[in-house]
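Below are the chains, spelled out letter by letter.
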Amino acid sequence: MFKVETPATEDELAAYYHFRWEMLRKPWNNPLGSEKDEYDQVGHHRMVREPDGRLIAIARLHYNSSDEAQIRHVAVSPDYQGKGLGRFIVSSLEGLAMEEGVKTLVTNSREISVPFFRHCGYEMQNEGDTPSEFGPQNRFQMIKRLHSNSLKKHPEWCDELERTWHESIPISEQMGVTLFQYTGRTLETRASLNKNINLHGTMFAGSIFSLATLTGWGMIYLQLKEKQLMGEIVLGDGNIHYHKPVTSQPKGVCHYEYMTADFDALKQGRKCRVDMKIEIRDGDRAVAELTAVYWVLPEKS
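Each value, and the rule that gives it
Residues numbered from 1 in each chain as written. Predicted model: local features only at pLDDT ≥ 70, side-chain atom pairs only at ≥ 80, totals over all residues. Heavy atoms only, no water. Helix = DSSP H or I, 4+ residues; strand = E, 2+ residues; numbered from the N terminus. Rg over C-alpha atoms; globule rule 2.2 N^0.38 Å. Buried < 20%, exposed > 50% of the residue type's maximum accessible area, 1.4 Å probe, protein only. Contact = heavy atoms within 4.5 Å. Areas by Shrake-Rupley, 256 points an atom, 1.4 Å probe, with all protein chains shown as cover. Lys, Arg positive; Asp, Glu negative; His and termini not counted. Charge placed at Lys NZ, Arg CZ, Asp CG, Glu CD. Expected span 1.5 Å × (residues − 1). Axes fitted to C-alpha atoms, helices over the stretch in contact; angles between N-to-C directions. Parallel < 35°, antiparallel > 145°, perpendicular 65-115°, else oblique. Left-handed = near helix turned anticlockwise from the far one by under 90°. Nonpolar A, V, L, I, M, F, W, Y, C, P; charged D, E, K, R; others polar. Salt bridge = Lys/Arg side-chain N within 4 Å of Asp/Glu carboxyl O. Pairing = 2+ DSSP bridges. Right-handed = clockwise from strand over helix to strand, strands pointing away.

A. The arrangement of the overall build of the chain in detail. Along the backbone of the chain there are seven helices and 15 strands. Against the globule reference of 19 Å for 301 residues, the chain gives a C-alpha radius of gyration of 20 Å, in line with a compact fold. Projected onto the principal axes, the alpha-carbon positions of the chain cover approximately 60 × 50 × 40 Å. Taken over 301 residues, the chain has a buried fraction of 48%. Look at the contacts in the chain between residues 6 or more apart in sequence, and 66% of them connect residues 24 or more apart. Here the chain has roughly 15,200 Å² of accessible surface; of this, 48% comes from carbon and sulfur atoms. Considering the chain, the positive charge centre built from 36 side chains and the negative charge centre built from 41 side chains are found 2 Å apart.

B. Expanded view of helix H4 (residues 155–168). The terminal C-alpha atoms of H4 lie 20 Å apart, and with 14 residues this matches the ideal 20 Å at 1.5 Å per residue to within 8%. Buried residues along H4 sit in contact with helix H5 (170–174), strand E9 (178–182), strand E10 (186–190) and helix H6 (205–226).

C. Representation of the packing of H4 against H6. Two numbers describe how H4 lies on H6: the axes approach to 11 Å, and their chain directions differ by 135°. By the angle between their axes, H4 is oblique relative to H6. Regarding H4 and H6, the two cross each other, and that crossing is right-handed. Side by side, H4 and H6 meet where Trp157, Cys158, Glu160, Leu161, Thr164 and Trp165 of the first sit next to Leu214, Trp217, Gly218, Tyr221, Leu222, Lys225 and Glu226 of the second. Partitioning the contact of H4 with H6 into residue classes produces eight nonpolar, two polar and three charged.

D. Broad picture of the environment of Pro78. If you trace the backbone, Pro78 turns up in the loop between strand E4 (68–76) and helix H2 (85–99). Overall, Pro78 belongs to the exposed group, its relative accessible area being 55%. With 122 residues separating them in the primary sequence, Pro78 and His200 have C-alpha atoms 48 Å apart.

E. Main features of the environment of Ile112. With respect to the helices and strands, the residue Ile112 is situated in the loop between strand E5 (104–110) and helix H3 (114–119). Taking the C-alpha atoms as reference, Ile112 lies 9.1 Å from Asn138; in sequence the two are 26 residues apart.

F. Here's a closer look at the pattern of salt bridges. What the rule picks out here adds up to 17 salt bridges. Residue Arg185 is joined to Glu257 by a salt bridge in which the shortest nitrogen-to-oxygen separation is 2.8 Å. Pair noted here: Arg185 is in the loop between E9 and E10 and Glu257 is in the loop between strand E12 (250–255) and strand E13 (259–261), with a separation of 72 residues, a long-range link. One salt bridge connects Arg190 with Glu188, and the closest N-O pair in it is separated by 3.0 Å. Exposure remark for Glu188: the relative accessible area of 5% places this residue in the buried category. Taken together, the salt bridges that share partners define one network made up of Arg20, Asp37, Asp40, Arg60 and Arg72.

G. Examining the pairing of strand E3 (residues 55–63) more closely. Within E3, eight of the nine residues are buried, which leaves it mostly tucked inside the rest of the structure. Bridge count for strand E2 (residues 44–49) against E3 is six bridges, and the pairing is antiparallel. For His45, the partnering residue across the bridge sits in E3 and is Arg60. Inspection of the sheet shows E3 paired to E4 by six bridges, in the antiparallel sense. In the strand pairing of E4, Tyr63 is matched with Ala69.

H. Highlighting the pairing of E4. Of all nine residues making up E4, seven are buried, and the element is well covered by its neighbours. Taking the residues that link successive antiparallel strands as the turn, the E3-E4 hairpin has four residues. Here E4 pairs with E5 via three bridges, running parallel. Opposite Gln70, over in E5, you have Val106 as the bridge partner. A crossover connection joins E4 to the parallel E5 through H2; in handedness this β-α-β unit is right-handed.

Okay, structure coming up:
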């Protein structure tokens, strides 16, 4: 299971830039240093690594204005292309932009990358226009409007999930749990700190566990909808690690890439095991992680 990270040390940042050069500049005979630009100092950098620390995907977001942000330098190692890592890291940056109130995302895409960004929901700015030149590669400007509904793919499913939580699991409503974002591959939930605060002014450990459990449950619920399947979702096992207290905005985050499931078993009338990781964040900082096993039981005939 992969995780989106921010380069935190000088060595990590150096490796990040070298990977960018190798993937995006070296193939066109551009020298070292050409991979950097004036927005790197103010941009948000993200990366995905193997457990041994080897970089396998990167991307960057910077703001053009208070309403517009740009995604650039998306690169995935050839050995890992086609596994969803590009969409995974782009989705992470889109979520950050949404939180900052950005209304439009843009990217100047190479022609070979146009299908990828179309798959991520971007559209050609002026279809049929002559692209601008950038070295040996044509570039097309593509945009994605972040209207309110873009925070929730299938808003009717998201509303149904919230109702199911509040009607079937009353504690979820008492905790102030809401569904903030669903992109199809990422689910983000939120809870009220004031409704879950302990005598230390931080979130109850039990509330953190409950938010993580509900987030994982909700991700499976929505994925069953995506796959046109039905079943009863139950938690089989859960192991949570608390790293730091929650002091501001509690968030639960689950990515599709963080889960493995044999949905074919459910299609055949057998119970389906789902292994997944759910992060709890305090604002943008990861403070707890739940490793869980859920089971989806086939509906009784």
